[in-house]
Amino acid sequence: MEKEKYYITTPIYYPSGKWHIGTCYTTVVCDALARFNRLDGKDVFFLTGTDEHGQKIQRAAEAAGVSPKRYVDKLVDDLKRLWKRLDITYDKFIRTTDEYHEKAIQKIFEKLYEKGDIYKSEYEGMYCVPCESFWTKSQLVDGKCPDCGREVQTAREESYFFRLSKYQDVIEKLLSEGDFLLPASRRKEMLNNFVKPGLQDLCVSRTSFDWGVKVPFDPKHVVYVWLDALFNYITALGYAGEDDSLFKKYWPADVHMMAKEIVRFHSVIWPAFLTALDLPLPKKVFGHGWIMFDGGKMSKSKGNVVDPFILSDRYGVDTLRYYILHIVPFGEDGEYSNEMLVRSYNSDLANTLGNLVSRTTAMIDKYFGAVPEPKEDSEQDKELKELTSSLLGKVRVELEKPNVTTAMDAIWEVLHRANKYIDETAPWTLGASEEGKARLSSVLFNLSDAIRTCAVVLQAFLPETAEKILNKMGVKEQERTFKSLSKPMSSGGKVDKGAHLFNRLDIEKELKELAKIAEELAAEKEEKSEAGAENTASEEEVKEIGIEDFDKVQLKVGVILDCKKVEKADKLLCSTVDLGEEKPRTIVSGIAKYYTPEEMKGKKVVVVANLKPVKLRGILSQGMLLCASDDKGNLTLLKPEGDMPAGSAIS
Ligand code: MSP
């Protein structure tokens, strides 16, 4: 039988600053939904990606002194690393700068133009650059952008327009009936604030900047970023491309997930675009709340960022996933604080979950060595057994809504009940006498099955922890599937009472440490912005290091992996240098008159490893190769004696 399909998407993110916990929110939620549906036997396609065009990105790149593509490439690399770190199982990562997407957008634009749904006219209105949104004067709040509260600017230009007004009835009907947009409160807000007052035609091209997809028949115009971005949901599947088999298989999407501020684009503009192309509409658009930080929305532009790499390295990736999935009430706004993170780690992960597993495995190990066969059941077991056997069904119902927080509640309800069951049955007393052993076998079996059931379901939410628990309990592969939950587990699995899943934290100490890290990060950021001017300095302006600074200088052995001439720069060579770090560095040096790129390859050199990065001819140089030079103008590279490996310290 063909599997039921499930297509879920995150918004595609703007690579315009450092990634933060807020960015992780939707993706972690979608990952849990994707994993759950896969485990539940569906054919899942999970899409995420980046929205890389537009004035905001162009400006950010200009400020950093690099080309927009170079600017976004680095941030996209970081984002992919972040998703890997957070165990995100996306099936595809789309970038709006991908060639196939750009070509498809041009085709789509042309098609809408040919149909008469896009036409040329003149635009005058208010534009919010950070939100890439146009507003009429009446929509502004105190003269500012109604979404982000920032200043708007007047924009007037010849533009292409999409006939959004033509779809007034379609959109009004869509939002008035059924549950296309969830939660229901957002549906009312959209209808009353945006749709009922009357939809205006939408400006879908710009001429004031050029970082975007060109309108194919009028290339001084670039396509409006929201048209470019929204269509990612189908171009990623091959729509208007060379092979549309994925589109045929997975479209329409089952859920478009996002936070509330972009619901308007997805529930009004997107269905109008699709209707104009005679395409089916997505089944659901869900607008969840924001993670707030000190009372404000955590965002890249406000600077109140919390680094997900640091937190997941310190507390484990599942601690972060747990916070997102359970502590933030899904659909509403929820606060992030270091204190809540550390407290929830201690109470929910270390105590409720970790202790339950430790106590159970320790008792099984002590009394039976392996999960025992249940020999003496009792009325006392009823509630725990019922909660255990109904868990998967409950979680499924919650995720269909979808609500990840209430799904997690159902799991924690079983865990709490299991802990209470230990208190009620007092297994250590049963274990103290031979007569208690039969009853003890049932108690420990029921606990094992409750833990195994929770862990099987938790594979969707906290995958790393779930796997550890299933291994600790000696659960067989075939009893880790959702289907296998229709029966209790088999006994006989060898348990491992080894290390704790989560070691308890000293809250005061942790909070101090986190505050210190935050201070260091803020100082680092300040230093970087001070160094900004230097980063764009020309080659001649590279600062020399004074002798008094010598002991601050970090020198290392480097190996040249590759070397190229720098275009239009006679003196410069650009080397790729292995310093024994995760990634090799790029170093630009003024030595092209003395060495050819071929001669450089394979050389061992001495590198100043902690020099502030400097931009030379548009290339960010991340260090300096040391050379000796005489007064006749000869120059040679310094090289370490003997066979020192890349990364060896020089002191
Ligand atoms: N590029 C557009 C989306 C185009 S989709 C066709 C965009 N990008 S964004 O980088 O600003 O991402 C916004 C989305 O990031 C939010 O809708 C939400 O999914 C996620 N979040 C960013 N900060 C967040 C919080 N503080 N809290 C919860 N989600 C957050 O808009």
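Figured I'd write up the structure that's included with this text. (Residues numbered from 1 in each chain as written. Predicted model: local features only at pLDDT ≥ 70, side-chain atom pairs only at ≥ 80, totals over all residues. Heavy atoms only, no water.)

Some remarks on the site of the ligand
Around the ligand, the surrounding shell holds 26 residues, and the nearest of these are Ile 12, Thr 26, Asp 51, Glu 261 and Ile 291. A distance of 3.4 Å is found between a nitrogen atom of the ligand and a backbone nitrogen or oxygen belonging to Gly 22. In isolation the ligand offers 670 Å² of accessible surface; the protein chains occlude 96% of this area. Elements represented by at least two residues in the shell around the ligand include exactly strand E1 (5-13), helix H1 (21-39), helix H7 (225-230), helix H8 (232-235) and strand E11 (255-259). (Near = heavy atom within 4 Å. Polar contact = N/O pair within 3.5 Å; in protein donor to acceptor, adjacent residues only side chain to side chain. Areas by Shrake-Rupley, 256 points an atom, 1.4 Å probe, with all protein chains shown as cover. Helix = DSSP H or I, 4+ residues; strand = E, 2+ residues; numbered from the N terminus.)

Let's talk about the nonpolar core
Within the largest apolar cluster, 183 residues are counted, with the highest numbers of intra-cluster contacts made by Phe 162, Ile 411 and Phe 461. At 12 residues, the largest contribution of residues to this core is made by helix H17 (residues 437-458). Contacts of Phe 461, omitting those with residues within four sequence positions, involve Ala 32, Arg 321, Leu 325, Val 395, Leu 399, Ala 407, Met 408 and Ile 411. The next biggest cluster of nonpolar side chains, apart from the first, holds 16 residues, and it includes Ala 592, Val 607, Leu 625 and Leu 635. (Core = buried A, V, L, I, M, F, W, Y, C linked by side-chain atoms within 4.5 Å. Buried < 20%, exposed > 50% of the residue type's maximum accessible area, 1.4 Å probe, protein only. Contact = heavy atoms within 4.5 Å.)

Points about helix H3 (residues 68-85)
End to end, H3 covers 26 Å across 18 residues, agreeing with the expected 26 Å (1.5 Å per residue, within 8%). Every buried residue of H3 is accounted for by Pro 68, Tyr 71, Val 72, Leu 75, Val 76, Asp 78, Leu 79, Leu 82 and Trp 83. Looking down the long axis of H3, one finds its buried residues gathered within 165 degrees of arc, a one-sided arrangement. When the buried face of H3 is taken as reference, the exposed residues oriented beyond 90 degrees from it are Lys 74 and Lys 84. Along its buried surface, H3 packs onto E1, H1, strand E2 (43-50), helix H2 (55-64), strand E3 (92-95) and helix H11 (308-315). Two residues or fewer past H3, Asp 87 is found with a positive phi of approximately 60 degrees. (Expected span 1.5 Å × (residues − 1). Arc of directions from axis to C-beta.)

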